[in-house]
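Observations on chain architecture
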Amino acid sequence: MEEEKFPIVITAALPAGGTGKTPFIRVYGEWKARQGYKVAMLDFDHQCSLTELYDVFETNKTTLNIFKGGEVEYIPVEENLWLVPSHPNLQYEPARLRAEGTQNIYFLLEDWLYEHEEEIKQFDYLLIDTHPDTDTITKNALAVSSAQIGVVMPTEKSVNAIPKAEQALSDLKRETYDKRHDEARVTCEFLLLGTNIEKVGKNYTKLSKQLVHLIKEDARFVGYIPHKELFAQAMSDEKIPIWEQVNNQLLLKEASNRAFKVVLERVMSNMDQRIGEL
Ligand SMILES: Nc1ncnc2c1ncn2[C@@H]1O[C@H](COP(=O)(O)OP(=O)(O)OP(=O)(O)O)[C@@H](O)[C@H]1O
Ligand SMILES: [Mg+2]
């Protein structure tokens, strides 16, 4: 955790709605924070789902100001964990930036990070949550990221979004390639994570079985998180952090909860390893 280094930047992005991106950012952010790293989560989705998960209703110093100018606040949400909330008007930014003829439209976040180097270097990780699209705001996030994590559920819609995400990332790399220095400006790797894989009794459901098969074949998959009610509950109602749930002694009396804890920790460790290799 050196002071001098830029944080590792990871973005959850897939152009399909409701595939588990926001839950992943939350779970991975809390995992890294509990390991002692300083983590800032940036909500780049104008739906503000991550922001609402932490019951934050700040509307002034939001991620909108990264693009529009103005102050941005890092709101502490847990030990070692901060959130920069989103704003509904972030949805109008791509059109506004284009209408204004903004130059280097995919590197506005990069410029902002360098302008705020001092405060940014206090973090070990920046985790960015995105809207399910491949538009300008999402591309700004990918342009500064070491990895894009495409979070995929056992649904046709989310599996179909994998090649779309892949295409968008390679388009971004091609469009921003620095021909003069013969150098890539965007170096983001594409990784995948399965979630909500479901079993009925001992057997996977049809779609889950297909996705597990795909996960085994495609080396970009880091692993998968099985379907678990406890996980869903951590993202709704009381929104108790999943790591508090899986360490709750009462809940751990149940074998299925103990098993889920082991699996979730293994997936998170695999993610650490893959990110470490980038
Ligand atoms: N392993 C799991 N077990 C149970 N529920 C899960 C699991 N993974 C994800 N979910 C649930 O799936 C839902 C999908 O999350 P959410 O809609 O926030 O995804 P998203 O990709 O961020 O959506 P959007 O594209 O709208 O930003 C959440 O309610 C979450 O709790
Ligand atoms: Mg989301």
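In the block above lies the structure referred to throughout.
Residues numbered from 1 in each chain as written. Chains lettered and ligands numbered in written order. Predicted model: local features only at pLDDT ≥ 70, side-chain atom pairs only at ≥ 80, totals over all residues. Heavy atoms only, no water.

Quick word on unusual backbone geometry
One non-glycine residue, asparagine 80, lies in positive phi territory at about 70 degrees. If you trace the backbone, asparagine 80 turns up in the loop between β3 (75-78) and β4 (81-84). A relative accessible area of 15% places asparagine 80 in the buried class. For aspartate 182, which is not glycine, the phi torsion reads 50 degrees and is therefore positive. Within the fold, aspartate 182 resides in the loop between α8 (156-175) and β7 (189-197). (Helix = DSSP H or I, 4+ residues; strand = E, 2+ residues; numbered from the N terminus. Buried < 20%, exposed > 50% of the residue type's maximum accessible area, 1.4 Å probe, protein only.)

Digging into the pattern of salt bridges
A complete count under the given rule lists 15 salt bridges for this structure. With a shortest N-O distance of 3.0 Å, aspartate 272 and lysine 32 are connected by a salt bridge. With aspartate 272 in helix α12 (residues 255-276) and lysine 32 in helix α1 (residues 21-34), this residue pair connects regions lying 240 residues apart in the sequence. Assigned by exposure class, aspartate 272 and lysine 32 land together as buried. Measuring nitrogen to oxygen at the nearest pair gives 3.9 Å for the salt bridge that ties arginine 34 to glutamate 244. You can see arginine 34 sitting in helix α1 and its partner glutamate 244 sitting in helix α11 (residues 242-245), a full 210 residues away along the chain. (Salt bridge = Lys/Arg side-chain N within 4 Å of Asp/Glu carboxyl O.)

Quick word on the site of ligand 1
In the neighbourhood of ligand 1, 21 residues make up the surrounding shell, with Thr19, Lys21, Thr22, Thr195 and Pro226 lying closest. In the model, an oxygen atom of ligand 1 is placed 2.8 Å from a nitrogen or oxygen of the threonine 22 side chain. Between glutamine 47 and ligand 1, the recorded distance is 3.2 Å, taken from a side-chain N or O atom to an oxygen atom. Relative to its unbound accessible area of 640 Å², ligand 1 is 81% covered by the protein chains. Counting only elements with at least two residues in the shell around ligand 1, the list comes to α1, β7, β10 (221-226) and α10 (229-234). Among the elements that line the shell around ligand 1, the one with the most residues is α1, at 3 residues. The residue makeup of the shell around ligand 1, split by class, is 9 nonpolar, 9 polar and 3 charged. (Near = heavy atom within 4 Å. Polar contact = N/O pair within 3.5 Å; in protein donor to acceptor, adjacent residues only side chain to side chain. Areas by Shrake-Rupley, 256 points an atom, 1.4 Å probe, with all protein chains shown as cover. Nonpolar A, V, L, I, M, F, W, Y, C, P; charged D, E, K, R; others polar.)

Here we look at the environment of valine 267
Relative to the assigned elements, valine 267 resides in helix α12. Classification of valine 267 by relative accessible area gives buried; the value is 5%. Along the sequence, valine 267 and leucine 83 sit 184 residues apart, while their C-alpha atoms lie 23 Å from each other. Once residues within four sequence positions are removed from consideration, valine 267 is found in contact with Leu193, Val222, Tyr224 and Ile225. (Contact = heavy atoms within 4.5 Å.)

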